[in-house]
Amino acid sequence: MNRKALSVLARSMLFCLTITSIFIACTDRTSRPRVLVSTDIGGSDPDDYQSLVHLFLYADTLDIVGLISSPPDKGRKKHILETIAVYEKDYPKLKKKSPSYPSPEYLRSVTAQGAIQAQAAPSPDNSISEGAKLIISEAEKGDQRPLYILIWGAMTDLAQALHKAPHIKPNIRAYYIGSWNTQQDSLSRNYVYQEHPDLCFIENNSTFRGMYMGGYQLDDYGNEAFVKRHIQQKGHLGRFFFQKKKDIKMGDTPSVLYLLHGNPENPESESWGGRFQKTGHGTQYWTDRTQTEYIENGKPGAKTVNKWRKEYLNDWKKRLDYLQ
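Residues numbered from 1 in each chain as written. Predicted model: local features only at pLDDT ≥ 70, side-chain atom pairs only at ≥ 80, totals over all residues. Heavy atoms only, no water.

J.: Help me understand the nonpolar core, please; the structure alone is not making it clear to me.
T.: One recurring pattern in soluble globular proteins: nonpolar side chains tend to sit buried together. Counting residues in each nonpolar core, the largest one holds 56 residues, and the members touching the most others are Leu-55, Leu-67, Leu-150 and Trp-316. In this view, Leu-55 contacts Val-37, Leu-62, Ile-64, Leu-67, Trp-152 and Val-256; residues no more than four positions away in its chain are not counted. (Core = buried A, V, L, I, M, F, W, Y, C linked by side-chain atoms within 4.5 Å. Buried < 20%, exposed > 50% of the residue type's maximum accessible area, 1.4 Å probe, protein only. Contact = heavy atoms within 4.5 Å.)

J.: Looking at this structure, how should I read unusual backbone geometry?
T.: In terms of backbone geometry, most residues other than glycine have negative phi values and most peptide bonds are trans. The phi dihedral of Ser-179 falls on the positive side, at around 55°, and the residue is not glycine. Mapped onto the secondary structure, Ser-179 falls in the loop between strand S5 (172–177) and helix H7 (180–184). The exposure class assigned to Ser-179 is buried, which follows from its relative accessible area of 18%. Despite not being glycine, Asn-297 shows a phi value in the positive range, around 55°. Inspection of the secondary structure assignment puts Asn-297 in the loop between strand S8 (285–288) and helix H12 (303–306). Classification of Asn-297 by relative accessible area gives exposed; the value is 59%. (Helix = DSSP H or I, 4+ residues; strand = E, 2+ residues; numbered from the N terminus.)

J.: How do you make sense of the side chain of Ser-271 when you look at a structure like this?
T.: Turning to its location among the elements, Ser-271 is positioned in the loop between helix H11 (254–260) and strand S7 (276–278). At a separation of 3.1 Å, a polar atom in the side chain of Ser-271 contacts the main-chain amide nitrogen of Gly-273. Of the polar contacts made by the side chain of Ser-271, one reaches the backbone oxygen of Gly-274; its length is 2.8 Å. Not counting residues within four places of it along the chain, the set of residues in contact with Ser-271 comprises Tyr-258, His-261, Gly-262, Thr-304 and Trp-308. (Polar contact = N/O pair within 3.5 Å; in protein donor to acceptor, adjacent residues only side chain to side chain.)

Here is the structure:
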């Protein structure tokens, strides 16, 4: 074969490899759950930092399309960006383990400031935050996958989005960590609950407490022991986690665990992130299981999470080792 023919063959092979790589990358991304996180990180509770570190270590298994800073209190977009900056330092090691880890630049590009204040009236007014606009634009995309909105703070931005564009509801699956967040902004939660009963909505008011209450906590599986043994010295993210809080709380993390192990389209089935029940409200509303066998320390549903404690901590431990 002459030099010209070899050159043509080489270019053809390079083209095929490029097309194949693009196809694999696209196929890989569209097979992952599409996720948008709304967080009050930077406010009065440091466990959102912990949950964001955990999320980033699983970012190659999810298609993260949005990170929103939500009220209440003092949390802002800059606190999400602070955590992305730490992720950036560990990104080269993570990228070696999986090419599907999103770049820090990409994560910054999908980070938005949500509402600054909690909802002030029974219904949202006509103002709309950058975060609510992001929810609408992602929900309106022609993607066959549902948009899982994991709410770690107030529901203000989701309430604004539903008020402005109620037609997006069929494309949304909302997983809300209630309890304290509802106390801080009950009006947005009540608006979503009362005015949008057809929204696919998991309200986790106490099940999430199984993340740090009960379950197997012997050996190095205790809340402090696990951090000391498996997190504290693991990369920049591990040290950042320890700096923010020295033991496991991660009360928002069950919303992520829910997508990692189980069938997220069936909230009544078992998953690492909890198992929920209908109450008769609306058509697609689930909340904590109240049966005695699921209660831990007076918290309904908590045992549906802590029963998996060894499994999800062992799985996370493997990912923390990527940072060594």
